[in-house]
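Now for the letters of each chain:
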Amino acid sequence: MPDTKITALILAAGKGTRMRSPRAKVLQTLLGEPMLHYVYEALAPVVGGDVLTVVGHDADAVRAAFPDMADRFVVQAEQLGTGHALQVAWDALIKTSATHCLVINGDTPLVTVDALNRLAAAHRSGDLAFMTITPRDAGAFGRVVRDPERRVSAIVEAKDYDLNRHGPVTGEVNAGIYLLKLETMGPLLSRLSNENKSGEYYITDLVSLAVAEGLSVEGVQAGDDLSLMGINSPRELITAENALRRRIVERLIDRGVLIHNPDTVVIGPRADVEPGAEIFGNCEILGASRVAAEAHIGAYNHIVDASFAPGCVVREFNHIEGAVVEEGAQVGPYSRLRPGAVVGKNARVGNFVEMKKARLGEGAKASHLTYLGDAEVGAGANIGAGTITCNYDGKNKFTTTIGEGAFIGSNTALVAPVTVGRDALVGAGSTITKDVPDGQAGIARGKQVNIRRRLKK
Ligand code: UD1
Ligand code: CA
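From a predicted model like this one, the values you see are computed outputs, not experimental measurements.

**Student:** Any chance you could explain the site of ligand 1 here in plain terms?
**Tutor:** Taken together, 26 residues sit near ligand 1, with Q76, G81, T82, E157 and N174 positioned nearest. Contact between ligand 1 and N174: an oxygen atom at 2.6 Å from a main-chain N or O atom of the residue. Here ligand 1 loses 90% of its free accessible area of 750 Å² to cover by the protein chains. For the shell around ligand 1, the secondary-structure elements that each account for two or more residues are β1 (6-12), α3 (82-95) and β10 (173-181). A per-element tally of the shell around ligand 1 places β10 first, with three residues. Per-class residue counts for the shell around ligand 1 are nine nonpolar, 13 polar and four charged.

Right under this line is the structure:
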């Protein structure tokens, strides 16, 4: 067999009308990642970087979501059907010097590397192969028609299916993943027509065209494989998301992550959770989050792009995005950690504390009702209840620096830029606008006066 080279082609130009959303369907998210992310991930081990993507509807947003892939985007300005998408991409395909093209619908996020490998490996010698499934409900999938010898003769879209003409349905349908030999499929492309119920050019018509030419066509059967389902409606998206969720959670449990109440735990595909971590549901851990062994994530936490070191404890009900929680630190309940928040080793953040671009040094504490924005807090410092860093003057942001071992009394406003020195103290209720030097106490509040109280008789 001569050398084969497979380039993948993802069809992702459609609007996804049935989603009833202005957003391109392939940007709809499952577990926090766009649908297209999953297709790229599954293709990578099979074809490496040889992936072209046909985009059209909302192309700029798709480009922005996948900047690394965008130099291999082909624009299908008008979406005239899956066959038209292939026609539009053909020149770009030929330029990749591929011999074969693995075409996949962009709305197939559950697809596994195994399924793609099966198609790619078993059928390189044929002209056209495609994956078929036999789901419990054939829904709107294209019907696979076989002749009496069980050879594939056509794919007929549900809308166009005619019992008299095509015979009784078998339940076998097209999964929307094809392996095409470019040399033999090229000449058939221009023969696709749009004379059907949708008025679209169907890629699936290549099957009957190839059969008529006596080319080798094969339907690779995957049975009732949920992972090959396409997503067209909100209900299908939720079903797929749930299946993915279960896949990830079960894999982690098998690897030794202790997940309590796992039916209510959502962990994204990019999250890295180490064996020995303990997680309680309800919980969402999304994006590029990292949970180390022996980290403890309590119930009702929403976590995105955050990392948790060994031995840290995140109690219940926190909102954590882009933050770092170091070894032995404690967080919550009811805290909000925003991007750039760092809770240092053995430090503590308590209820109703918000941190943004702020670091709490080793063993430092902010236990109640505090805002720390653009702040650096030294080791062992104590931030009293109700402390606010006033970091924004309406135009610019400024930094607050608090030295090691400093003590900030309750209800203090620290007007940045400002520095409270090492082992310095700030009296409760102060509005600090000037630096407090190391070891000194700063108090900035009205003096108390006591006067006689007049009591009514
Ligand atoms: C398609 C198949 C059907 C199969 C099903 C599997 C056709 C005609 N039908 O139907 O046999 O059972 O997938 O899930 O192919 N797209 C473009 N440009 C277009 C039109 C669509 O890029 O002009 C993209 C869409 O973004 C989508 C994919 O192609 O990712 C499939 O299109 P869709 O409209 O969802 O096809 P189905 O009706 O699901
Ligand atoms: Ca579809």
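This is not the end of the story, as more comes after the structure.
**Student:** Please explain the coordination of the calcium ion (ligand 2) as it appears in this structure.
**Tutor:** Six octahedral donors around a metal ideally make angles of 90 or 180 degrees; four tetrahedral donors ideally make 109.5 degrees. In this structure, D107 (OD) and N232 (OD1) serve as the protein donors to the calcium ion (ligand 2), at separations of 2.2 to 2.4 Å. Of this pair, D107 sits in the loop between β6 (100-105) and α4 (113-122) while N232 sits in the loop between β11 (217-221) and α8 (234-255); the two residues are 125 residues apart in sequence, bridging distant segments of the chain. In this pair, the class of D107 matches that of N232, namely buried.

**Student:** What's the story with a nonpolar patch on the surface in this structure? I'm lost.
**Tutor:** Among the surface-exposed residues, Y300, F317, Y334, F352 and L369 lie close enough to one another that they form a single nonpolar patch of about 530 Å² accessible area. Within the secondary structure layout, Y300 lies in the loop between β18 (296-297) and β19 (301-304).

**Student:** What am I meant to see in the domain arrangement of the protein chain here?
**Tutor:** Interface size is commonly expressed as the accessible area that is lost once the parts come together. Under the domain assignment, the protein chain is made up of domain 1 (6-228) and domain 2 (257-442). The C-alpha centroid of domain 2 is placed 48 Å from the C-alpha centroid of domain 1. The partner domain 2 presents seven residues to the four residues of domain 1 that form the contact. When the buried area of domain 1 at its contact with domain 2 is split by residue, L31, E33 and H37 rank highest and sum to 85% of it. One can count one salt bridge joining domain 1 with domain 2.

**Student:** Quick question: what am I supposed to make of the side chain of T204 here?
**Tutor:** Locating T204 in the fold gives a position in the loop between α6 (182-189) and α7 (205-212). Given the relative accessible area of 4%, T204 is considered buried.

**Student:** Is there a simple way to explain α7 in this structure?
**Tutor:** Owing to its 3.6 residues per turn, the α-helix aligns residues three or four sequence positions apart on the same side. The set of residues buried in α7 consists of L206, V207, L209 and A210. The elements touched by buried residues of α7 are α3, β7 (128-133), β9 (152-156), β10, α6 and β11. Where α7 terminates, the next one or two residues include G214, which has phi positive at roughly 75°.

**Student:** What am I meant to see in the packing of aromatic side chains here?
**Tutor:** Think of a pair of aromatic rings as described by two things: how far the centres are apart, and how the planes are tilted against each other in angle. Counted under the stated rule, the structure contains four aromatic pairs. Ring centres of F317 and Y334 lie 5.2 Å apart, and the angle between their planes is 5°; this geometry places the pair in the stacked category. Within this pair, whereas F317 is found in the loop between β21 (313-314) and β22 (318-321), its partner Y334 is found in the loop between β24 (330-331) and β25 (335-337), the two being separated by 17 residues in sequence. According to the relative accessible area criterion, F317 is partly exposed, its value standing at 38%.

**Student:** Just checking my understanding: could you explain the environment of E33 for this structure?
**Tutor:** Within the fold, E33 resides in strand β3 (residues 33-34). Residue E33 is classed as buried on the basis of its relative accessible area, which comes to 5%. Spatially, the C-alpha atom of E33 lies 26 Å from that of A222, the residues being 189 residues apart in sequence. Apart from the residues lying within four places of it in its own chain, the contact partners of E33 are Q28, Y38, P269, R270 and G287.

**Student:** How should I be thinking about the nonpolar core in this particular structure?
**Tutor:** One broad rule of soluble globular proteins: the nonpolar side chains tend to lie buried together. Judged by nonpolar contacts, the single largest core of 108 residues is most densely connected at L43, L102, I267, F308, L337 and M355. It is helix α1 (residues 35-47) that provides the largest number of residues to this core, a total of nine residues. Both of domain 1 (6-228) and domain 2 (257-442) provide at least three residues apiece to this core. When near neighbours in sequence (up to four residues on either side) are disregarded, L337 contacts H319, I320, E321, A323, V325, V331, V343, V349 and M355. Grouped together as the second largest cluster of nonpolar side chains are 32 residues, A89, L93, L188 and L192 included.

**Student:** Would you take a moment to explain the packing of α3 against α6 for this structure?
**Tutor:** Relative placement of two packed helices is described by the angle separating their axes and the distance separating the axes. Where α3 contacts α6, the two axes come as close as 11 Å, and the packing angle between them is 145°. When you trace α3 past α6, the crossing you get is left-handed. In this structure, α3 contributes L86, Q87, W90, L93 and I94 to the contact, and α6 contributes L182, M185, G186 and L189. Split into classes, the residues belonging to the contact of α3 with α6 amount to seven nonpolar, two polar and no charged.

**Student:** Looking at this structure, I do not really get the pattern of salt bridges. What am I missing?
**Tutor:** Should their charged atoms come close, side chains of opposite charge can pair. Throughout the structure, instances matching the rule amount to 15 salt bridges. One salt bridge connects R72 with D71, and the closest N-O pair in it is separated by 3.3 Å. When its relative accessible area of 27% is taken as the criterion, R72 is described as partly exposed. Across the pair E172 and R146 runs a salt bridge, and its minimum N-O distance is 2.7 Å. In this pair, E172 is assigned in the loop between α5 (163-166) and β10 and R146 in strand β8 (residues 143-146), connecting sequence segments 26 residues apart. Residues joined by salt bridges that share partners form a network here, namely D147, E149 and R151.

**Student:** What should I look at first to understand the pairing of strand β4 (residues 51-55) in this one?
**Tutor:** Consecutive residues of a regular strand have side chains that alternate between opposite faces of the sheet. By the criterion of burial, β4 is predominantly enclosed, with five of the five residues buried. Both faces of β4 are covered, namely the face carrying V51, T53 and V55 and the face carrying L52 and V54. Summarising the sheet, β1 and β4 pair through five bridges and their orientation is parallel. Across the sheet, the residue bridging to A8 is V51, located in β4. In this structure, β4 lies alongside strand β5 (residues 73-75), joined through three bridges in parallel fashion. Looking at β5, one finds that V55 is bridged to V75. The handedness of the β4 to β5 crossover, carried by helix α2 (residues 59-65), is right-handed.

Rules behind the numbers
Residues numbered from 1 in each chain as written. Chains lettered and ligands numbered in written order. Predicted model: local features only at pLDDT ≥ 70, side-chain atom pairs only at ≥ 80, totals over all residues. Heavy atoms only, no water. Near = heavy atom within 4 Å. Polar contact = N/O pair within 3.5 Å; in protein donor to acceptor, adjacent residues only side chain to side chain. Areas by Shrake-Rupley, 256 points an atom, 1.4 Å probe, with all protein chains shown as cover. Helix = DSSP H or I, 4+ residues; strand = E, 2+ residues; numbered from the N terminus. Nonpolar A, V, L, I, M, F, W, Y, C, P; charged D, E, K, R; others polar. Donors = N, O, S within 2.8 Å, 3.2 Å for Na, K, Ca; no water. Buried < 20%, exposed > 50% of the residue type's maximum accessible area, 1.4 Å probe, protein only. Patch = residues over 30% accessible without salt bridge, like charges linked within 9 Å, V, L, I, M, F, W, Y side chains within 5 Å. Salt bridge = Lys/Arg side-chain N within 4 Å of Asp/Glu carboxyl O. Domains from an automatic or database assignment. Contact = heavy atoms within 4.5 Å. Buried area = accessible area lost by both parts, 1.4 Å probe. Phe/Tyr/Trp six-rings, centres within 6.5 Å; stacked < 30°, edge-to-face > 60°. Core = buried A, V, L, I, M, F, W, Y, C linked by side-chain atoms within 4.5 Å. Axes fitted to C-alpha atoms, helices over the stretch in contact; angles between N-to-C directions. Left-handed = near helix turned anticlockwise from the far one by under 90°. Pairing = 2+ DSSP bridges. Right-handed = clockwise from strand over helix to strand, strands pointing away.

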